[in-house]
Amino acid sequence: MQRVERALSKDEILKLRRKHFCPAQSISYANTDPLLILRGEGSYLYDEAGNSYLDTRNNVCHVGHSHPRVARAVAQQVEQLNTNTRYLHPNLCLLAKRLTETFPTGSGLEVCFFVNSGSEANDLATRLAFARSRSRNIIVVDHGYHGHTQQTIEISPYKFDHKGGEGAKPNIFKVPCPDTFRGPHRGEDAGERYAADVAAACKRAGSVAAFFVESGMSVGGVILPPPGYLQSAYQSVRHAGGVCVADEVQVGFGRFGDYFWAFEQQGVTPDIVTMGKPFGNGMPLAAVVTTKEVSDAFHNGLEYFNTFGGNPVCCAAGLAVLDIIREEKLQAHAAEVGGVLRRRLAELAQRHRWIGDVRGQGLFIGIEFVRDRDTLEPATAETSDICSRMKDEHKILMSIDGPHDNVLVMKPPMCFSQADAESMLNA
Ligand code: PLP
């Protein structure tokens with residue numbers, strides 16, 4: 001059969017966007033910026049006119065856009081078997097083995113659930129926590145982000161065997177964001193003081209099912225937990241009967257350079273780890289990894305099913321990603337390039353009063369702009385202007401995050417080179 005193809009003009013594509021998509025639907029930057037991106041390679045994206053853009057905002061294609069090895073692994077698998085069968089497939093079991101080998105020895109993190117997105121992973125983590133506790137109290141960190149789904153079980157009259165899953169509305173207890181630049185606690189004991197807020201929340205709650213925390217907050221504005229924070233906070237949560245959930249969706253898989261998982265930096269072991277974004281390098285692959293104790297509690301009366309999670313194609317991508325991170329030594333590379341970049345940005349900050357703070361770890365970097373270093377008045381409009389100019393004048397894509405929209409965030413592919421870093425600094 002002959003395929004009929006017709007290239008659409010940019011105007012036609014924009015018309016389709018306006019007609020068929022709700023403006024609220026985040027085809028993220030298309031509302032304000034009708035860039036048409038057709039190709040990706042390494043750290044670069046290419047538009048329809050062939051212009052190249054240095055991509056520091058993506059945080060999905062960790063090993064580089066359209067890495068040929070991931071593409072090959074996916075193509076080969078599609079030709080063999082392209083769906084879940086609900087029977088076993090070697091990719092699924094091999095990926096579970098390889099993934100759990102990335103956790104520190106003795107962590108007990110050995111049981112995997114494969115899903116399709118970070119939101120689904122966190123949703124499932126909530127259910128795991130509820131299965132092992134009568135408490136419905138969940139502690140979350142202010143400005144934290146864990147996903148976008150509603151609890152679809154609540155709207156599903158057909159029940160799998162959800163004993164214990166019904167009526168599972170969480171009671172949320174919010175603790176302050178452990179921000180040592182803008183928040184109330186600063187200095188050497190900030191970690192302990194923010195952890196005391198978690199201890200106080202546990203006390204208020206009485207009992208706790210779970211504590212959700214990003215091991216490095218991304219949309220919250222690149223906030224790294226201050227030293228000692230996770231250790232002490234985890235202790236309080238466990239004392240109150242809860243599990244500690246490390247959301248590694250943004251910061252896992254070696255982005256922190258020296259650590260494969262960001263929580264390792266604080267010397268803690270979570271009970272549940274959720275991950276997504278870079279796992280499949282663009283293929284929808286996410287996971288929840290937990291201990292036998294948590295999974296046993298869940299198994300006792302609950303069944304878990306999802307159609308696409310852990311399908312052989314996405315697992316093939318995940319296996320290739322794990323190989324590439326190791327073989328191309330991307331962690332060491334992220335530590336080195338990220339270290340130089342942060343040092344150079346810190347030097348810039350000494351010369352420009354409106355750079356209030358430069359922070360991060362590995363290739364996870366935030367630059368916070370302020371109008372005044374004493375009042376810390378956020379330079380929101382200026383940050384937006386800088387971001388636009390980086391794109392329009394220098395063809396460098398950056399994102400803006402933080403509660404005041406004044407933090408430029410860099411989370412480039414981990415193959416981001418020293419030369420890429422130089423172009424960004426010069427711009
Ligand atoms: N957790 C964190 C920390 C995130 O930043 C995100 C998305 O940005 C999610 C979870 C949700 O992931 P997804 O968009 O894959 O559902």
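These numbers were taken from a predicted model, which means no experiment stands behind them. (Residues numbered from 1 in each chain as written. Predicted model: local features only at pLDDT ≥ 70, side-chain atom pairs only at ≥ 80, totals over all residues.)

Notes on the nonpolar core
Soluble globular proteins: nonpolar side chains tend toward being buried together.
Logical step 1: Counting 115 residues, the largest nonpolar core has Ile 139, Phe 211, Val 237, Val 245, Ala 287, Val 288 and Ala 317 as its most contacted members.
Logical step 2: Ranked by the residues each element gives to this core, the list is headed by helix H8 (residues 312-327), at 11 residues.
Logical step 3: For this core, the two domains that each supply at least three residues are domain 1 (10-66 + 329-410) and domain 2 (70-327).
Logical step 4: Discounting residues that sit within four places of it in the chain, Val 245 has contacts with Ala 125, Ala 129, Ala 210, Phe 211, Phe 212, Pro 270, Ile 272 and Thr 274. (Core = buried A, V, L, I, M, F, W, Y, C linked by C-beta atoms within 7 Å. Buried ≥ 20, exposed ≤ 12 C-beta atoms within 10 Å, placed from the backbone. Helix = DSSP H or I, 4+ residues; strand = E, 2+ residues; numbered from the N terminus. Domains from an automatic or database assignment. Contact = placed C-beta atoms within 7 Å.)

Focus: the confidence of the model for the protein
The predicted coordinates ought not to be read in detail in places where the model reports low pLDDT.
Logical step 1: Averaged over all residues, the pLDDT of the protein equals 91, while 91% of them reach at least 70.
Logical step 2: The ipTM, which scores confidence in the relative placement of chains, is 0.99 for this predicted complex, and the corresponding pTM is 0.93. (pLDDT = per-residue confidence, 0-100.)

Concerning the site of the ligand
Logical step 1: Around the ligand sit 15 residues, and of these Ser 117, Gly 118, Ser 119, Gly 147 and Val 249 come closest.
Logical step 2: Taken together, the residues of the shell around the ligand sort by class into three nonpolar, 10 polar and two charged. (Near = placed C-beta within 6 Å. Nonpolar A, V, L, I, M, F, W, Y, C, P; charged D, E, K, R; others polar.)

What about the sheet that holds strand S6 (residues 171-175)?
Logical step 1: As summarised here, the arrangement of the seven strands in space is S4-S10-S9-S8-S7-S5-S6, forming an open sheet in which the pairing is mixed. At either margin of the open sheet sits one strand with a lone partner, and together these are strand S4 (111-115) and S6. Each strand of the sheet is rotated relative to its neighbour by a mean of 20°, with strand direction disregarded.
Logical step 2: As defined by bridge partners, strand S9 (residues 272-275) adjoins strand S10 (residues 286-290) across four bridges and the pair is classed as antiparallel. (Pairing = 2+ DSSP bridges. Axes fitted to C-alpha atoms, helices over the stretch in contact; angles between N-to-C directions.)

Let's talk about the sheet that holds strand S1 (residues 37-41)
Logical step 1: Spatially, the four strands line up as an open sheet ordered S1-S2-S3-S13, and their pairing is mixed. Edge strands, defined here as strands with exactly one partner in the open sheet, are S1 and strand S13 (396-397).
Logical step 2: In terms of strand pairing, S1 meets strand S2 (residues 44-47) through four bridges, oriented antiparallel. Across the sheet, residue Ile 37 finds its bridge partner in S2, namely Asp 47.

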